[in-house]
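Now for the letters of each chain:
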Amino acid sequence: MSERRGHLILVALIVAALVGVAALAIPGSPAHKSPTLGLDLQGGLEVVLKAVPEKGQKLQESDLDRSVEIMRSRVDKIGVSEPEIRKQGSDQIVIELPGVHDQARAAELIGKTAKLELYDLQADLTGPSRDLQGNPRPQLTLFALLSQVQSQAKKGQPAQFYLFNAKKQHVAGPAPSRKALLATKYVREHGKRGEVPKGHKVFGVPQNTVVITCGKTERYCPGVNEEQPSRTYFYLFKYEPNNKDHPIPEMTGEDLKLSGTRQDFDTNTGEAIVTMQFTNKGGDKFQDVTKELADRGRQLQGRYGGPAEQWFQQFAIVLDREIKSAPTIDFKDNPVGIPPGNGAQITGIGSLSEAKDLALVLQTGALPVDYVTIERTDISATLGKDSLQQAKNAAIGGFIIVALFLLLFYRFLGLVAVIGLGIYAAFLYAAVLLFNVTLTLPGFAGLILTIGVAADANVVVFERIKEEARAGKSVRAAIATGYAKGFHTILDANAVTAITALVLFLVATAGVKGFALMLLIGTGISLITAVAATRAMLGLLAGFSWFDNPRFMGAAAQQRAKWLQIDFIGRRNLWFAISGAVVLISIVSLGVRGLNLGIDFKGGTQATFSTPQPQSVDDVRSEARSIDSEFARAVIQGRGAQTEGKYRDFQIRTESLAPEEQTRLQNGLEDRFQATKFGTKNVSESFGRQIARSAILAILFSLFLIVLYLAIRFDVKYAGPVIAALLHDVVITVGIYSLTAREVTTSTVAAILTVLGYSIYDTIIIFDRIRENVPIMRRASFATIANVSLWETVRRSLATTFITLLPVGALLFFGGDTLKDFAFALLIGIGAGAYSSIFIAAPLLTMWKEREPEWARKKESREIDKDGAAVTLEEAEEAAAAEPVPIPELAPAPVAEIEGDGAAAPATTSASRAKRERRRQRRRARPHGRR
């Protein structure tokens, strides 16, 4: 009665929790919350920035913290809702801006260093950048500038290095050292790493100097007689910031009063300007600098004569090494310099929006270190909306297919399982809302996959319940025993899945973290619903007389498929040969064809788009080539359904494109094909290498933790076959990717790690039964025990594999391109895992254990069948029980049998042994018994 009361209380608590979930989910309720959608489901911008300290500058943790604060301040001023800015690793910052419309502008503002410097223009220009009178002399190309100062560069220690091709074009750099320059992607593609490509030249920037540009976007460049420059000009400035007597630049952004910097309008011309106010110390410094410029101009006029305007000196306002303005100092109006309270202003700004952006970055202050973009993803709102709908369809489809399977194969138990799945889905949704989990496309994949996890747990228990019912137990006793014995198997299998998900979450990039987090949360909730919710429901139902009917839950007959009772262990050489052939083909393909690595690993730009009418790949390639000849080398692929050799969805992969090149490509495709649903992703080569290292680390670390867990829960010798089976699955999965030339992305790595967990899931079910049967079948050989354990669990293993593949199939058929790629890897990996668990892991464990003296002695005397023919499960059980273990005479109590987890099970009396023996005798007398 107390047990029934406990089940009733648990069901009541679950119902109360479901009411709470409904309050969260129903629109209009006071507690209603909506899930937070990621960028790939609502559109937006994601940028990964890497800190690049100047030569001699050491990156501090405080630099990253300060950078995050500045970037968050800039995002707030832009007006983006629910942004996410976080540190990643030791030198990276990830910024996610959902729903932002002008993605290019946002990316530029966030990552802009905003390093403001004020130079004494005439005094600080050096080398070929000034004439004999000290006037600015701009250089038309960087090659022309640096080629004139290489004799100086060789005398000191250059701060930066540049690479130029035979056409004198800048192709690589700046790099902090010559070695770093010769290790860049361009050098590797055009020659050998560490060597200057043929016909190329390396130029260094002389010590204590810096290259500063003035570009097309400026209204004025020093020394250029054009109102609007038509090209970029190059200057060489002195750079001695640590000179205590006379630092160059003379002033920096630290001298600004951030609150006094704002966008304004020139009262004379009406043009947009940016006004700057200085701190007290900065104001005094500014007056000293401008006084020095005024004195120099007056002296030059006195020496050479001529109009005063000819000798007005200038100070250059430089932002991120680009001249923004170069105001003049009128020594007649300001003979002692500009007073501190007047401040300064940046003029010649092209537009109002540019002035606002410039004021914004100056108001928030300069980033403490420079940052480069190593990954950038732009997703349009329409693409995000379509991805969300596809993910919803896949989730609903996966749930329905799994529910139908459970109802078809487990009848009333299946109905209970479906109710449990509904409870699981509700609790999972509540967890997403309560913990404010950001749902991403990979996260949806994890959510869909956990439907299989939750169903697997029920399958493990239900198969055990049916076994106990077929053995003669009442339904109530079968349920209690099934949950008691199945719990440890479920716990082991889910623990391994959680290990792989946790490792993936810790080392993966932002996108895959969503998948890992959902898999981790879903695994925990599925364990609760499978063990608690369904157990409570069945516990309550077991009290009714109508429920005590094995036929009611599909367990009336023995229902053992004879074709599954083959000699798995005796035919191991055949299984090894099949696997060896497939593994060999995979290795050869990997060596010859390699892998089709996506930009996640190689770096570059990837653009995706859709067209309203099907188009041929050749037409898209021709149009891309006409937009820019550089796209002639791009990889252009049609994706999705094919209609007479034409596609609606396309993907273009090419070398890294500048923002203006991406815009030109998008505009051209829109004009020619009315293309929509644009999404772009940019990944630097260095970030690609980082992702590859993280992937390898994740796989190795997962294997280590899995071995450690199996050694603790089972035995060290059980771990060896598991690792061999895992490597078998990984090699085959990767090999098939090589054979089919499918693109390998970070989602592929996530799928492979998930395969590791699921491969072990089946293996643990088998090993757990072997461990349980060892003390029961004391007289049998290990091969007999392994075969019997396989026969007892093979239906369960196949059922768990099949039910896991059902939601994967939903991903494959209903999901978008990203989900389909992910599902493909899971489909291959889980299939290989099911095979390896039965045909690789168990036979390898048998071979290993038979080397032990105890099992070696039994090997010859306890063969299942000397002529190699298969026997039935009943015959193997009879052979194992032919010499029963005697019960000690002095033992007053029944001897307890040992459960799979090492705990004592309910004692087995001599009466129960006699009952089992009578059942064996009845089976022998049946016509379908031993032949």
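For the structure itself, consult the block above.
Scoring rules and cut-offs
Residues numbered from 1 in each chain as written. Predicted model: local features only at pLDDT ≥ 70, side-chain atom pairs only at ≥ 80, totals over all residues. Heavy atoms only, no water. Phe/Tyr/Trp six-rings, centres within 6.5 Å; stacked < 30°, edge-to-face > 60°. Helix = DSSP H or I, 4+ residues; strand = E, 2+ residues; numbered from the N terminus. Buried < 20%, exposed > 50% of the residue type's maximum accessible area, 1.4 Å probe, protein only. Core = buried A, V, L, I, M, F, W, Y, C linked by side-chain atoms within 4.5 Å. Contact = heavy atoms within 4.5 Å. Pairing = 2+ DSSP bridges. Axes fitted to C-alpha atoms, helices over the stretch in contact; angles between N-to-C directions. Polar contact = N/O pair within 3.5 Å; in protein donor to acceptor, adjacent residues only side chain to side chain. Expected span 1.5 Å × (residues − 1). Salt bridge = Lys/Arg side-chain N within 4 Å of Asp/Glu carboxyl O. Parallel < 35°, antiparallel > 145°, perpendicular 65-115°, else oblique. Left-handed = near helix turned anticlockwise from the far one by under 90°. Nonpolar A, V, L, I, M, F, W, Y, C, P; charged D, E, K, R; others polar. Disulfide = S-S within 2.5 Å.

> Where do I start with the packing of aromatic side chains in this structure?
Note on aromatic pairs: each is described by the distance of the centres and the angle between the planes. Scanning all chains against the criterion turns up 17 aromatic pairs. Geometrically, the ring pair formed by F609 and F650 is stacked, given 5.6 Å between the ring centres and 20° between the ring planes. Taken as a pair, F609 in strand β21 (residues 604-615) and F650 in strand β23 (residues 647-654) lie far apart in primary sequence, 41 residues in all. Neither residue differs from the other here; F609 and F650 are each classed as buried. With centroids separated by 5.5 Å and ring planes inclined at 65°, the aromatic side chains of Y737 and F824 adopt a geometry described as edge-to-face. Of this pair, Y737 sits in helix α21 (residues 716-740) while F824 sits in helix α24 (residues 817-849), and the two are 87 residues apart along the sequence. No difference in accessibility class separates Y737 from F824, as the two residues are buried.

> What's the story with the nonpolar core in this structure? I'm lost.
Across soluble globular proteins, nonpolar side chains show a tendency to be buried alongside one another. Ranked by size, the top nonpolar core spans 138 residues in total, and within it L406, F462, L538, F767 and I770 carry the most contacts. Top element by residues in this core is helix α12 (residues 381-434). It accounts for 24 residues. Residue contacts for L538: discarding those within four places in its chain leaves L413, V416, F462, I465, I479, Y483 and F547. In terms of nonpolar packing, the next biggest core, distinct from the first, is built from 52 residues, L64, I78, I317 and F331 among them.

> Explanation requested: the sheet that holds strand β7 (residues 170-175) in the structure shown.
The pairing of strands in a sheet happens through backbone hydrogen bonds and is either parallel or antiparallel. Reading across the sheet, the 3 strands line up as β7-β6-β8 and stay open at both edges, with antiparallel pairing between neighbours. This sheet does not close on itself; its edge strands, each paired only once, are β7 and β8 (201-204). Here the strands of the sheet are splayed against their neighbours by 20° on average, with no regard to which way each runs. Pairing of strand β6 (residues 161-164) with β7, which is carried by 3 bridges, proceeds in the antiparallel orientation. When the sheet's bridge partners are listed, F161 is paired in β7 with A175.

> I would appreciate a short explanation of the sheet that holds strand β12 (residues 256-265) in the present structure.
Spatially, 3 strands are ordered β12-β13-β17 in an open sheet, and the strand pairing comes out antiparallel. The sheet is open, and its two borders are formed by β12 and β17 (344-346), each paired with just one other strand. Averaged over all pairs of adjacent strands, the angle between strand axes in this sheet comes to 25°, irrespective of strand direction. Direction of pairing for β12 relative to strand β13 (residues 272-278): antiparallel, over a ladder of 6 bridges. Counted as the bridge partner of D264 is I273 from β13.

> Explanation requested: unusual backbone geometry in the structure shown.
A negative phi angle is the norm for most residues apart from glycine, just as the trans form is the norm for most peptide bonds. The omega torsion of the bond from G173 to P174 falls at 5°, within 30 degrees of zero and hence cis. Along the chain, the position of P174 falls in strand β7. Residue P249 follows I248 across a cis peptide bond; omega there is 5°. On the secondary structure map, P249 appears in the loop between β10 (233-238) and β11 (251-252). Its identity is not glycine, yet A741 carries a phi of approximately 60°, on the positive side. Looking at the secondary structure, you find A741 in the loop between α21 and β25 (743-744). According to the relative accessible area criterion, A741 is partly exposed, its value standing at 37%.

> How should I be thinking about the side chain of T733 in this particular structure?
Position of T733 among the secondary structure elements: in helix α21. Accessibility expressed as a relative area gives 1% for T733, which makes it buried. A polar side-chain atom of T733 sits 2.8 Å from the main-chain carbonyl oxygen of D729.

> So what exactly am I meant to see when it comes to α21 here?
Counting along an α-helix, one turn takes 3.6 residues, and residues three or four places apart therefore face a common direction. With 25 residues, α21 extends 37 Å from end C-alpha to end C-alpha; this agrees with the ideal 36 Å at 1.5 Å per step. Directly beyond the C-terminal end of α21, a positive phi value near 60° is found at A741.

> What is the right way to look at the pairing of strand β9 (residues 209-214) in this model?
Judged by how many residues are buried, β9 sits mostly within the fold: 5 of 6 residues are covered. Alignment of β9 against β10, held across 6 bridges, turns out to be antiparallel. Within β10, the position partnered with V210 by the bridge is F237.

> What's the story with the pairing of β13 in this structure? I'm lost.
In regular strands, side chains alternate between the two faces of the sheet. Across the 7 residues of β13, 6 count as buried, placing the element largely inside the fold. Hairpin remark: β12 followed by β13, antiparallel, with 6 residues in the connecting loop; positive phi at G270, about 80°. Here β13 runs beside β17; their pairing, made up of 3 bridges, is antiparallel. Opposite T275, over in β17, you have Q345 as the bridge partner.

> I tried to follow the pattern of salt bridges on my own but got confused; where do I start?
For side chains of opposite charge, pairing can occur when their charged atoms come near one another. Evaluated as defined, the whole model comprises 21 salt bridges. For R296, the salt bridge is made with D120, and the minimal N-O distance between the two is 2.4 Å. Of this pair, R296 sits in helix α10 (residues 280-304) while D120 sits in strand β5 (residues 116-120), placing them 176 residues apart in sequence. Like R296, the residue D120 is buried in the burial classification. Each member of the salt-bridge network shares a partner with another, and the members are R464, E468, K473, R769, E772 and E792.

> Got a minute to help me understand the environment of V617 in this structure?
Assignment of secondary structure puts V617 in helix α18 (residues 617-627). C-alpha separation for the pair V617 and F650, spaced 33 residues apart in sequence, amounts to 8.1 Å. When sequence neighbours within four positions are dropped, the list of residues in contact with V617 reads I636, G638, Y647 and F650.

> Where do I start with the packing of α18 against helix α19 (residues 659-673) in this structure?
Working note: a packed helix pair is described by the angle between its axes plus the distance between those axes. Between α18 and α19, the least distance of the axes is 10 Å, while the angle of their chain directions is 130°. Between α18 and α19, the interaxial angle falls into the category oblique. Viewed along their axes, α18 and α19 form a crossing whose handedness is right-handed. Taken together, the residues of α19 that come into contact with α18 (itself represented by D619, V620, E623 and I627) are R664, L665, G668, L669, R672 and F673. Of the residues in the contact of α18 with α19, the class split is 5 nonpolar, 1 polar and 4 charged.

> Sorry, what's going on with the state of the cysteines here?
As used in these notes, a disulfide is a covalent bond between sulfur atoms, one from each of two cysteines. The full count for this structure, using the stated rule, is 1 disulfide. Here C214 is linked by a disulfide to C221, with a sulfur-sulfur distance of 2.0 Å. Between C214 and C221 the disulfide shows an S-S torsion of about -90°. By sign, it is left-handed. Note on accessibility: C214 and C221 belong to one class, buried.

> Would you explain the packing of helix α3 (residues 61-78) against helix α4 (residues 103-111) in this entry?
The geometry of α3 relative to α4 is characterised by a closest axis approach of 9 Å and an angle of 145° between their N-to-C directions. Both α3 and α4 take part in a crossing whose hand is right-handed. Only R105, A106, L109, I110 and G111 of α4 make contact with α3, whose side of the interface consists of M71, R74, V75 and I78. Of the residues contributing to the contact of α3 with α4, the split by class is 6 nonpolar, 1 polar and 2 charged.

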